[in-house]
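# Structural features, examined
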Amino acid sequence: MKGSPASRGHRRSRAVYPGSFDPITNGHVDIIERGLKVFDEVIIAVLRNAEKRPLFSVDERVAIIRETYRRSPRVKVDTFSGLLVDYAVKVKATVIVRGLRAISDFEFEFQMALMNRRLNPKIETVFMMPAERYSYISSRLVKEVFELGAPVTDLVPPAAERLLREKKAGRP
Ligand code: PNS
């Protein structure tokens, strides 16, 4: 089957893929590709969260994602704050996509999905499993191994690797 679900005669569907994306990894990219097979449009929504201490600013994270998806008209990039379900309603998305790498992800994801359902039963959470080769990748570990001198070429998109290098080079 070729094309988006809408081009195959369905109503257009829009999913939100929320996260910190500090930075986006190839595991995220894998989930977004899977999302595009099911939904017409995937909005990557970067959480504006003052509590965490991110490596990249929200603007930098958005810039990396925009660069990665500059040739993908069905992928949009945005930021949000406040409740995720309220953001989903605002952008007319009916689905939240989350990736599940391992059983260890499940407990927290399950809690979030049920809390989001309680907050708004009209928004459905859909879990997607990345390819096995990405199941161990996390933004946190990518930052750690890069900081300690290991290459991250196969772990993150080129735009993320470039900004990681720039950040490291710019530091005293
Ligand atoms: O990449 P992350 O850090 O695992 O993403 C977590 C995220 C952004 C999905 C989650 O923290 C979130 O949805 N925050 C928004 C606030 C909210 O709606 N909280 C209630 C959800 S149970």
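Preceding this section is the structure that the text describes.
Residues numbered from 1 in each chain as written. Predicted model: local features only at pLDDT ≥ 70, side-chain atom pairs only at ≥ 80, totals over all residues. Heavy atoms only, no water.

### Considering the side chain of Glu109
Basically, it comes down to this: Secondary structure elements are defined from DSSP: runs of H or I of at least 4 residues count as helices, runs of E of at least 2 residues count as strands, and each element is numbered from the N terminus. Contact definition: two residues touch when any of their heavy atoms are within 4.5 Å.
Note on placement: Glu109 falls in helix 4 (residues 103-119). Sequence-distant contacts of Glu109, defined by excluding residues within four places in its chain, comprise Arg98, Leu100 and Phe127.

### Some points on the site of the ligand
Basically, it comes down to this: Residue proximity to a molecule or strand is established when one non-hydrogen atom of the residue lies within 4 Å of it. Two N or O atoms count as a polar contact when they lie within 3.5 Å, although within protein this holds only if one can serve as hydrogen donor and the other as acceptor, and sequence-adjacent residues are included solely when both atoms are side-chain atoms. To be clear on the numbers: accessible area is Shrake-Rupley with a 1.4 Å probe, and residue cover counts the displayed protein chains and nothing else. Gly falls in the polar group here, along with every residue not listed as nonpolar (Ala, Val, Leu, Ile, Met, Phe, Trp, Tyr, Cys, Pro) or charged (Asp, Glu, Lys, Arg).
The environment of the ligand is formed by 13 residues, the closest being Gly19, Ser20, Lys52, Leu84 and Arg98. Between the ligand and the protein, one listed contact pairs an oxygen atom with a side-chain N or O atom of Ser20 at 2.7 Å. Its free accessible area being 550 Å², the ligand has 74% of it covered by the protein chains. Those elements that place two or more of their residues in the shell around the ligand are strand 1 (14-19) and helix 4. Considering every element that reaches the shell around the ligand, the biggest residue donor is helix 4, with three residues. Taken together, the residues of the shell around the ligand sort by class into seven nonpolar, four polar and two charged.

### Some details on the nonpolar core
The condition is simple: Residue types Ala, Val, Leu, Ile, Met, Phe, Trp, Tyr and Cys, when buried and joined through side-chain atoms within 4.5 Å, form a set referred to as a nonpolar core. Type-normalised accessible area, obtained with a 1.4 Å probe on protein chains alone, sets the label of each residue: buried when under 20%, exposed when over 50%, and partly exposed for intermediate values.
Core analysis: the biggest nonpolar cluster contains 35 residues, and Ile24, Ile32, Ile65, Tyr69 and Val97 have the highest contact counts within it. Counting residues per element, the ones that place at least two in this core are strand 1, helix 1 (26-38), strand 2 (41-47), helix 2 (58-68), strand 3 (75-80), strand 4 (95-99), helix 5 (139-147) and helix 6 (158-169). Grouped together as the second largest cluster of nonpolar side chains are twelve residues, Val16, Ala45, Ala88 and Ile123 included.

### Quick look at the sheet that holds strand 2
Convention followed: Note: two strands are recorded as paired if DSSP finds a minimum of 2 bridges between them. An axis is simply a line fitted to the C-alpha atoms; with a helix, the fit covers only the stretch in contact. Between two such axes, the angle follows the N-to-C directions and lies from 0 to 180 degrees.
The five strands are arranged 3-2-1-4-5 in an open sheet whose pairing can be described as parallel. Edge positions in the open sheet fall to strand 3 and strand 5 (124-128), since each of these has one partner strand only. Geometrically, the sheet is characterised by an average inter-axis angle of 30 degrees between neighbouring strands, direction not taken into account. Sheet topology places strand 2 next to strand 3; six bridges connect them, and they run parallel.

### Points about the pairing of strand 2
The following threshold applies: By definition, the crossover connecting two strands over a helix is right-handed if that path, from the first strand to the second, turns clockwise as seen with the strands pointing away from the viewer.
Where burial is concerned, most of strand 2 is hidden: six out of the seven residues are buried. Here strand 1 runs beside strand 2; their pairing, made up of six bridges, is parallel. Bridged to Arg14 within strand 2 is Glu41. Read from strand 1 through helix 1 to strand 2, the crossover connection turns out right-handed.

### A short note on the packing of aromatic side chains
Our working definition: Aromatic pairs are defined between Phe, Tyr and Trp rings, using the six-membered ring for Trp, whenever the two ring centres lie within 6.5 Å; interplanar angles under 30 degrees are classed as stacked, those over 60 as edge-to-face, and all others as tilted. To sit over a ring, a charge needs its Lys NZ or Arg CZ within 6 Å of the ring centre and within 35 degrees of the ring normal.
By the definition in use, this model includes three aromatic pairs. One cation-aromatic arrangement involves Lys168 over Phe146; the distance from NZ or CZ to the ring centre is 4.9 Å.

### Details of the packing of helix 2 against helix 6
It is at 8 Å that the axes of helix 2 and helix 6 come closest, and there the two elements cross at 145 degrees. On helix 6, the residues that touch Glu60, Ile64, Glu67 and Thr68 of helix 2 are Ala159, Ala160, Arg162, Leu163 and Lys167. Considering only residue class, the contact of helix 2 with helix 6 consists of four nonpolar, one polar and four charged.

### Notes on a nonpolar patch on the surface
Put simply, the rule is: Residues form patches when they are more than 30% accessible in relative terms and have no salt bridge. Like charges link within 9 Å. Nonpolar side chains (Val, Leu, Ile, Met, Phe, Trp, Tyr) link within 5 Å. By definition here, a salt bridge exists when the distance from a side-chain nitrogen of Lys or Arg to a carboxyl oxygen of Asp or Glu is within 4 Å.
A cluster of nonpolar residues, Ile103, Phe106, Phe110 and Leu114, forms a patch on the protein surface that exposes about 410 Å² of accessible area. Looking at the secondary structure, you find Leu114 in helix 4. Assessed through its relative accessible area of 38%, Leu114 is described here as partly exposed.

### Details of helix 2
Using the following cut-off: It is the directions from the helix axis to the C-beta atoms that the arc portrays.
Considered for burial, the residues of helix 2 that qualify are Val58, Arg61, Val62, Ile64 and Ile65. Down the axis of helix 2, the smallest arc covering the buried residues is 160 degrees, so these residues share one side. Those residues of helix 2 hidden inside the fold are in contact with strand 2, strand 3 and helix 6.

### Some points on the packing of helix 5 against helix 6
The criterion, for reference: For classification purposes, angles smaller than 35 degrees are called roughly parallel, those larger than 145 roughly antiparallel, those between 65 and 115 roughly perpendicular, and all remaining angles oblique. What makes a crossing left-handed is the near helix being turned counterclockwise from the far one by less than a right angle; a clockwise turn instead makes it right-handed.
Helix 6 packs onto helix 5 with a crossing angle of 50 degrees between their chain directions and a minimal axis gap of 11 Å. The orientation of helix 5 with respect to helix 6, classified from their angle, is oblique. For helix 5 against helix 6, the interelement crossing comes out right-handed. Judged by residue contacts, Val142, Phe146 and Glu147 of helix 5 engage Leu164, Arg165 and Lys168 from helix 6. Considering only residue class, the contact of helix 5 with helix 6 consists of three nonpolar, no polar and three charged.

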